[in-house]
Structure formats: C-alpha cells, structure tokens
Amino acid sequence: MRKGDERKLEILSVAERLFCSRGFAETSVQDILDTIQVSKGGFYHHFESKEAVLDTICMRKAERTASETVQALSCLQGDAMGRINLVFRQIMPLREDELPFMRMLLPLLDKPESIAMRVRYQEALHHAFMPILEEELHLASEQGVICPPVREVAEPVLLLLNQCWLDAALALLYAKQKAQSCDTTALFALLERYRRCIEVLLDAPYGSVLLLDLSEWIAAAEALI
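Residues numbered from 1 in each chain as written. Predicted model: local features only at pLDDT ≥ 70, side-chain atom pairs only at ≥ 80, totals over all residues. Heavy atoms only, no water.

**Overview of the overall build of the protein chain**
Convention followed: Helix and strand definitions here come from DSSP, where helices need a minimum of 4 consecutive H or I residues and strands a minimum of 2 consecutive E residues; each element is numbered from the N-terminal end. Each radius of gyration reported is based on C-alpha atoms, and the globular scaling rule is 2.2 Å times the count of residues to the power 0.38. Under the scheme applied here, a residue whose accessible area is under 20% of the maximum for its type counts as buried, over 50% as exposed, and between as partly exposed, the area being computed with a 1.4 Å probe on protein chains only. Throughout, a contact is declared for two residues whenever any of their heavy atoms are within 4.5 Å. Charge assignment in this entry is limited to Lys and Arg as positive and Asp and Glu as negative, and neither His nor the chain termini are counted. A charge is said to be at NZ when it belongs to Lys, at CZ for Arg, at CG for Asp and at CD for Glu.
In terms of regular secondary structure, the protein chain is built from 10 helices and zero strands. Each helix and strand of the protein chain, placed in order from N terminus to C terminus, yields the pattern α-α-α-α-α-α-α-α-α-α. Taken over the C-alpha trace, the protein chain has a radius of gyration of 19 Å; the compact-globule value for 225 residues is 17 Å, and the two agree within 12%. By principal-axis analysis of the C-alpha atoms, the protein chain measures approximately 60 × 45 × 30 Å. For the protein chain, buried positions account for 48% of its 225 residues. For the protein chain, the share of sequence-separated contacts (at least 6 apart) that also reach a separation of at least 24 residues comes to 71%. Between the centroid of the 24 positive side chains of the protein chain and the centroid of its 33 negative side chains there is a distance of 6 Å.

Have a look at this one:
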C-alpha cells in the first residue's frame, strides 16, 4: 500500500472514531489533524471537506458490513429463511453492534444539508447487499421456500429494508428531539408493516421473515434516545 493510501485510511479511521465518540458536528477538521498530526494540506489532498470524509466512512461501512455478512453466511448452518433473515438483519444499522455509528448518524438524518449523504449511504447498502441477497433468494427459491422471480424482487426488498431502518431511526430522532420515551407499540407496528410487505413480496410463509428482533429494536431505541 502506498504511503498516500495509508494516510488516507488513517484519516478515515481517526475521523470515524472521533465522529462516533464526540459527534459529527462536535468534531472539527482540526480535531482530526491534531489527533494524527497531519497538516491541513495533507488532509485536503485526500478530502475536500469533513462531509466528504463522512461520505467515505458511510460507503466503507456498507462495504465492510456486506463483507462481514458473507463471512457470517459461510459459517451458518441453517435453513434458507434463516440465512435470508441474517442478511436482513445485517442491512439494518439499528442492531446492537452498529449503535455507535447510528448514534453519530442519527442527528444528521433530518438535516437538509445531510440528505445527499444519507441517500449515498442507502445506495451503498443497496449496491453492496444486492448480490448477497440475490444469491440467498436464489437458493431459497430452488428449495421451494419462497416463490418469487428473484431478479425482480431483490431490488424492491432492499428498497423496503432501507426505508424501514430510516423510518425507525427518524422516529427515534423525533422522540429524542421532543425528550420523549420510545413508543414501543408504534415501533412494533412499523416493524410489522415492513416485515409483512417483504413476506408478501417473497411469497414466504407467514411469520417466517424476521428483520430484527423486537427486543433489539427496543434496546437500540433506549440507547439512542
């Protein structure tokens, strides 16, 4: 790896750690520079702004999560729906191991200036997980567990999953802004609505789709609010 590439990765690693521990708005470019002792010229050689750093972090996060999913699937001994549900869970950045990242992302989700970043992150998730989901849906279809045309259904399923986690995150953000507690009934209704839509799209048995365990959703809500 070239020295310039190493420096770029170092900036991304330090920035991600600072964004997650302090918050994106509370972390300045100077904070990043002070931590890794790099000049402003060195920083701006790789990134035009702090927002560009966050964009790259989000895209790398999606790619890293997809890679971890492939690794987890290679070790999974289970039925086809169990494998599909694992993919669904991994796409959701509200699960327990993603909370530091989501805590950083949450305050930015409804800001007009951050919409482009949010869309790019969702697109990165979509792109990274499409081949994984298509493969798992193909295997499940061959086994007769689901009965949709795989290439036609993978994309709308991913769109629903991306919208599901975003709707849930925005609900938590608005509750936090109003200093309210988590409405678990509304959270369950939202989860169930998307779960059932995906189940119908897949023509899967009723109750077989699991996006994220409700207890994990509630735990995420309590931690983020």
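**A word on the packing of aromatic side chains**
Note the following rule: Any two rings among Phe, Tyr and Trp, with Trp reduced to its six-membered ring, count as a pair given centres within 6.5 Å; such a pair is stacked if its planes are under 30 degrees apart, edge-to-face if over 60, and tilted if neither.
On inspection of all chains with the given rule, the structure shows five aromatic pairs. Ring geometry for phenylalanine 101 versus tyrosine 121: centroids 5.5 Å apart, planes at 65 degrees, classification edge-to-face. Taken together, the residues phenylalanine 101 in helix H6 (residues 99-105) and tyrosine 121 in helix H7 (residues 115-142) connect sequence positions 20 residues apart. What makes tyrosine 121 buried here is its relative accessible area of 2%. A ring pair is formed by tyrosine 121 and tryptophan 165, whose centres lie 5.7 Å apart and whose planes are at 65 degrees; its orientation type is edge-to-face. On the criterion of sequence distance, the pair formed by tyrosine 121 in helix H7 and tryptophan 165 in helix H8 (residues 150-177) is long-range, its members being 44 residues apart. In this pair, the class of tyrosine 121 matches that of tryptophan 165, namely buried.

**Side note on the confidence of the model for the protein chain**
To keep things clear, this is the line we draw: Per-residue confidence from the predictor is reported as pLDDT, a score between 0 and 100.
Averaged over all residues, the pLDDT of the protein chain equals 91, while 97% of them reach at least 70. Across the protein chain, element-level confidence peaks in helix H5 (residues 80-91) with a mean pLDDT of 96 and bottoms out in helix H10 (residues 214-224) with 84.

**Some details on the side chain of serine 49**
The condition that has to hold: Residues adjacent in sequence count toward polar contacts only when both atoms are side-chain atoms; beyond that, a polar contact is any pair of N or O atoms within 3.5 Å, and within protein one must be able to donate a hydrogen and the other to accept it.
Within the element layout of this structure, serine 49 appears in the loop between helix H3 (40-46) and helix H4 (50-75). In terms of polar contacts, serine 49 uses its side chain to reach the backbone amide nitrogen of glutamate 51, at 3.4 Å. If we skip the residues at most four places from it in the chain, serine 49 touches Phe43 and Tyr44.

**Observations concerning the nonpolar core**
Operational definition: As used here, the term nonpolar core means buried Ala, Val, Leu, Ile, Met, Phe, Trp, Tyr and Cys residues forming a set that is joined through side-chain atoms within 4.5 Å.
Core analysis: the largest hydrophobic core is formed by 78 residues, its most contacted members being Phe88, Trp165, Leu202 and Leu211. For this core, the element with the highest residue contribution is H8, accounting for 13 residues. Excluding anything up to four places from it in sequence, phenylalanine 88 contacts Leu133, Val157, Leu161, Ile198, Leu202, Val209, Leu210 and Leu211.

**Thoughts on the pattern of salt bridges**
Any two side chains of opposite charge can pair if their charged atoms end up close together. Convention followed: The term salt bridge refers to a side-chain nitrogen of Lys or Arg lying within 4 Å of a carboxyl oxygen of Asp or Glu.
Inspection of the entire model under this criterion finds 13 salt bridges. Several salt bridges converge on common partners, so that one network encompasses Glu16, Lys61, Arg64, Arg95, Asp97 and Glu98.

**Points about H10**
The criterion, for reference: Within this analysis, the arc is defined by the directions that extend from the helix axis to the C-beta atoms.
Those residues of H10 lying buried are Glu216, Trp217, Ala220, Ala221 and Leu224. The buried residues of H10 all sit within an arc of 140 degrees when viewed along its axis, so they share a single face. Those residues of H10 that are exposed and aimed more than 90 degrees away from the buried face are Ser215 and Glu222.

**What to know about the packing of H4 against H7**
The following threshold applies: Axis lines are fitted through C-alpha atoms, for helices just across the contact stretch, and the angle between N-to-C directions can take any value from 0 to 180 degrees. Roughly parallel covers angles under 35 degrees, roughly antiparallel covers those over 145, roughly perpendicular covers 65 to 115, and oblique covers all other angles. Crossing chirality is assigned from the near helix's rotation relative to the far helix, an anticlockwise turn below a right angle marking it left-handed and a clockwise turn marking it right-handed.
Put simply, H4 and H7 touch, their axes get as near as 8 Å, and they point 15 degrees apart. With respect to H7, the axis of H4 lies roughly parallel. The two elements H4 and H7 cross, and the hand of that crossing is right-handed. Judged by residue contacts, Leu54, Asp55, Cys58, Met59, Lys61, Ala62, Glu63, Thr65, Ala66, Thr69, Val70 and Leu73 of H4 engage Met117, Arg120, Tyr121, Ala124, Leu125, Ala128, Phe129, Ile132 and Glu136 from H7.

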